[in-house]
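Analysis of the macromolecular model
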Amino acid sequence: MKTTTETPGDEFAALCRQAWDTLIPARAGYLADVSPHYDEVLHDVAQRTEHTGSLGKTDIAALVVWKRLSAQTRWVTDLMSLPDTHVRAVTERAVTAVRDTTLTPSEAARTGRGIIAELPGFHTGDALASAVLTAAAPKRMAVYDRHVQHALDTLGLTLTPTPGRYGRYLQLLDDLLQHGAAHADGWSARDIDTALYWTGGNPLQPTPV
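Source: prediction; values computed, not measured.

Our next topic: the packing of aromatic side chains. Each aromatic ring pair is summarised here by two numbers: the centre-to-centre distance and the angle between the ring planes. Scanning the model with the defined rule gives 6 aromatic pairs in all. Centroid distance W20 to W187: 4.9 Å. Interplanar angle 75°. Geometry classified as edge-to-face. Taken together, the positions of W20 in helix α1 (residues 10-33) and W187 in the loop between α9 (165-178) and α10 (189-201) put the pair 167 residues apart, joining distant regions of the chain. On the basis of relative accessibility, which here comes to 0%, the residue W20 falls in the buried class.

If you want it as structure tokens, here you go:
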């Protein structure tokens, strides 16, 4: 039976510890096979956000390309039709939220995700929203997508698509770090998300027993 972070217990802790047997080689595989230049777009947006405290339409467009999402959708037209000052006003509030160290990462993620939902393209789905929030606080947030979801399903770690998923995702990553013991030393939520991405997108990855 699968468990979730809403129902913690010995079984959930065991699943988290077992997950590290997959995460460690997956992270190594990601680092070995993915170009070190691939994340330059994310890093560039994060650096600009560090200085400006907000993301504009150009930054979001860059992250759409980085995530290889389709721009041939109505929400892109709606977002591009907004003044950049409005987009930055919304993202500035989201940036402030995810950087708020008085909140746990999961609480900050939930708050930031709720704010960014005010913009077109961010009402549903967490792939692009998570990229924006990770660019805003790369040391606290993490990227979510379908590969990550597939990996979590494979590992027996349930993450449902009900509202508030991104906050629960950050809580799940925090739980993995908490139960990782020595394995988790030096790892961040972002490190785990790349390992999950590799696990969920690589058909050669073994399925845990």
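Time to look at the nonpolar core. By size, the foremost hydrophobic cluster in this structure holds 59 residues, and its most contacted members are L23, L63, M141, L157, Y169, L176 and L196. By residue number, the principal contributor to this core is α1, which donates 8 residues.

Right, let's get into the packing of α1 against α10. What describes two packed helices is the angle between their axes and the distance between those same axes. One way to put it is that α1 packs onto α10 with a least axis distance of 8 Å and a crossing angle of 85°. Accordingly, the angle class assigned to the pair α1 and α10 is roughly perpendicular. Of the residues in α10, those in contact with W20, T22, L23, A26, R27, G29, Y30 and D33 of α1 are R190, D191, I192, T194, A195, L196, Y197, W198 and T199. When the residues that make up the contact of α1 with α10 are grouped by side-chain class, the tally is 9 nonpolar, 4 polar and 4 charged.

With that settled, the discussion passes to the confidence of the model for the protein chain. Counting all residues, the mean pLDDT for the protein chain is 91, and 93% of those residues have values of 70 or more. Considering only residues more than four positions removed or in separate chains, one finds that residues 1-7, a stretch of pLDDT under 50, has 18 contacts. Taken together, the stretch residues 203-209 has pLDDT below 50 and engages in 10 contacts with residues farther than four places along the chain or on a different chain.

A separate point is the environment of M80. In this fold, M80 is placed in helix α4 (residues 74-80). Judged by relative accessible area, which is 38%, M80 ranks as partly exposed. Sequence-wise, M80 and A61 are 19 residues apart; in three dimensions their C-alpha atoms are separated by 9.5 Å.

The next point concerns α1. In this model α1 runs 35 Å from its N-terminal to its C-terminal C-alpha over 24 residues, within 8% of the 34 Å that 1.5 Å per residue would give. Maximal helix bending in α1 amounts to about 30°, located at D21; proline P25 follows within four positions. Every buried residue of α1 is accounted for by F12, A13, L15, C16, A19, W20, T22, L23, A26, R27, G29 and Y30. Here the buried face of α1 lies against α8 (146-155), α9 and α10.

This part covers helix α7 (residues 127-136). For α7, the buried fraction is high: 10 of the 10 residues fall into the buried class. Buried within α7 we find A127, L128, A129, S130, A131, V132, L133, T134, A135 and A136.

Where α8 contacts α10, the two axes come as close as 7 Å, and the packing angle between them is 80°. Our classification of the angle between α8 and α10 gives roughly perpendicular. Along the contact surface, α8 presents H147, V148, H150, A151, L152 and L155, while α10 presents D193, L196, Y197, T199, G200 and G201.

On to the pattern of salt bridges, then. The tally for this structure, following the rule as stated, stands at 12 salt bridges. When the shortest N-O distance is used, the salt bridge between R165 and D126 registers 2.7 Å. One end of the pair, R165, is in helix α9; the other, D126, is in the loop between α6 (105-116) and α7, with 39 residues separating them in the sequence. A single salt-bridge network, built from bridges that share partners, covers R48, D59, D84 and R88.

Thresholds, definitions, all that
Residues numbered from 1 in each chain as written. Predicted model: local features only at pLDDT ≥ 70, side-chain atom pairs only at ≥ 80, totals over all residues. Heavy atoms only, no water. Phe/Tyr/Trp six-rings, centres within 6.5 Å; stacked < 30°, edge-to-face > 60°. Helix = DSSP H or I, 4+ residues; strand = E, 2+ residues; numbered from the N terminus. Buried < 20%, exposed > 50% of the residue type's maximum accessible area, 1.4 Å probe, protein only. Core = buried A, V, L, I, M, F, W, Y, C linked by side-chain atoms within 4.5 Å. Axes fitted to C-alpha atoms, helices over the stretch in contact; angles between N-to-C directions. Parallel < 35°, antiparallel > 145°, perpendicular 65-115°, else oblique. Contact = heavy atoms within 4.5 Å. Nonpolar A, V, L, I, M, F, W, Y, C, P; charged D, E, K, R; others polar. pLDDT = per-residue confidence, 0-100. Expected span 1.5 Å × (residues − 1). Bend = angle between axes of the 7 residues up to and from the residue. Salt bridge = Lys/Arg side-chain N within 4 Å of Asp/Glu carboxyl O.

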